[in-house]
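Chain by chain, the residues run as shown.
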Protein chains: 2
Amino acid sequence: MTSTPAEEQQAEHLQQVFHNTIPLSKAMNLEVVHLSANCICLKAPVANTNINIHGTAFAGSIYSLCALTAWGFMYNRLLIDKLSADVVVAEAKIRYLRPIKTWIRSEYELDEQKYAEFHQRLLQDGKARFSISVQAQEDQQLQATLDASVAVKLTD
Amino acid sequence: MTSTPAEEQQAEHLQQVFHNTIPLSKAMNLEVVHLSANCICLKAPVANTNINIHGTAFAGSIYSLCALTAWGFMYNRLLIDKLSADVVVAEAKIRYLRPIKTWIRSEYELDEQKYAEFHQRLLQDGKARFSISVQAQEDQQLQATLDASVAVKLTD
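Parameters and conventions
- Throughout this document, residue positions are counted from 1 along each chain, in the order its sequence is written.
- Whichever chain is written first is A, and whichever ligand is written first is 1; the rest continue in order.
- Reporting in this predicted model follows two pLDDT cut-offs: at least 70 for local features of residues, and 80 or more for side-chain atom pairs to be given and counted; totals over whole chains, interfaces and linings ignore these cut-offs and use all residues.
- Excluded from the side-chain calculations are hydrogens and water; all other atoms, namely the structure's heavy atoms, are used.
- C-alpha atoms of residues with pLDDT of at least 70 in both copies form the basis for the least-squares superposition of the copies.
- By the convention used here, residues are in contact when the closest approach between their heavy atoms is within 4.5 Å.
- Buried area, as used here, totals the accessible surface that two parts lose on assembly, with accessibility defined by a 1.4 Å probe and the loss added over both.
- Put simply, a salt bridge is a Lys or Arg side-chain nitrogen that is within 4 Å of an Asp or Glu carboxyl oxygen.
- Where helices and strands are cited, they refer to DSSP runs of H or I of at least four residues and of E of at least two residues respectively, numbered from the N terminus.
- Throughout, exposure labels follow a simple rule: accessible area from a 1.4 Å probe, protein chains only, divided by the maximum for the residue type, with under 20% read as buried, over 50% as exposed, and the rest as partly exposed.
- The term polar contact refers here to a pair of N or O atoms within 3.5 Å; inside protein, the definition further demands a hydrogen-donor-capable atom paired with an acceptor-capable atom, and it admits residues adjacent in sequence only when both atoms are side-chain atoms.
- Between any two strands, pairing holds if DSSP finds at least two bridges.

Draft legend 1. Region of interest: the relation of the copies chain A and chain B. Between the two copies, chain A and chain B, the superposition gives an RMSD of 0.0 Å; the rotation angle is 180° and the shift along the axis is 0.0 Å. Look at the turn and shift together and you get a two-fold axis relating the two. Considering only C-alpha atoms, the part of chain A nearest the rotation axis is Lys93(A), at 2.1 Å. A symmetric contact is evident, with 100% of the interface residues of chain A recurring at the interface of chain B.

Draft legend 2. The interface of chain A and chain B, seen in detail. The partner chain B presents 33 residues to the 33 residues of chain A that form the contact. Of the roughly 2,600 Å² buried between chain A and chain B, counting both surfaces, carbon and sulfur atoms make up 69%. Of all residues in chain A, Leu24(A), Ile53(A) and Phe58(A) give up the largest surface area on contact with chain B, accounting jointly for 23% of the area buried on that side. Taking the shortest distance from any N to any O, the salt bridge between Lys93(B) and Glu91(A) comes out at 3.5 Å.

Draft legend 3. Spatial organisation of the environment of Glu91(A). Summarising the element assignment, Glu91(A) is placed in strand 3 (residues 85–96). Accessibility expressed as a relative area gives 23% for Glu91(A), which makes it partly exposed. Not counting chain neighbours up to four residues away, the residues in contact with Glu91(A) comprise Arg129(A), Asp147(A), Ala148(A), Ser149(A), Lys93(B), Ile94(B), Arg95(B) and Tyr96(B). At 3.5 Å, the side chain of Glu91(A) and the side chain of Lys93(B) are in polar contact.

Draft legend 4. Up close: the pairing of strand 1 (residues 31–36) of chain B. All names here are of chain B. One ladder, built from five bridges, connects strand 1 with strand 2 (residues 39–45); its direction is antiparallel. Bridging across to strand 2, Glu31 finds its partner in Lys43. The antiparallel pairing of strand 1 with strand 2 creates a hairpin that spans two residues between the two strands.

Draft legend 5. Structural context of the pairing of strand 5 (residues 127–138) of chain A. Residues and elements named next belong to chain A. As paired elements, strand 4 (residues 103–109) and strand 5 share two bridges and run antiparallel to each other. Looking across to strand 5, one finds that Ser106 is bridged to Ala136. The sheet contact formed by strand 5 and strand 6 (residues 141–154) spans twelve bridges and is antiparallel. In the strand pairing of strand 6, Ala128 is matched with Val152. Count of turn residues in the strand 5/strand 6 antiparallel hairpin: two residues, of which Asp139 carries a positive phi of about 50°.

Here it is in structure tokens:
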């Protein structure tokens, strides 16, 4: 994934929002790898803070990275769309498929048509929920999936 | 909840296991409040490391505390039952019902009959899954629920 200078700025801004407002994301050494209007990728090293008793990635770190992928995508997209809103993860289901040994790496790519429907509901009702399915994978092996329902409420 | 001296030792041991093998639990200032053969309670302060952009508990911290409640309960119960096994959270669903402002506090109490059936399957097949429903609550207000499926595999 190549990024435009504007996208690089957005990625840097989101990483600062994470580190400045969510201390655990900093403790996790979370990085924003790529961010655009329709795509996001985050990563965090398993060593040293995201490890568990088995020497692989801690379930809570994998969840946190995937949940912040969903939240961060929506946060950035609303900024691009010039909408002022509160964003919270309302519920989420995670499945752990394989142990993660070196990097936790999450990805999400938007379906623009699904987003257009959500955007319309949001403008009409002042609030709406959007489903975001995040994948954690490395070397094309799927390691975990998170299905999150993100609740958005306009504030202006 | 009052604890016997043996239960207090178990609680102290589990907290050390968390802090020594899962660095994020230490960063979260996670504490084991109560632990027995059929009951567990954990807590962590929202300030300073478990906070989010809204000044309430970070979704990933709530999830991590609840997932460690499920994992920690099973870890301790298998110790009591003198079974040597690997324990992992295989999947989990979390629902966030209310913002958490001061302490994240999780609870789980075992249904012994359900556990007896699981125990039998585990001895018979060498592996089995067990469903654990954790509640996060304060002042009798339910704030979040986690339904976790914990996979257990005998190692000896």
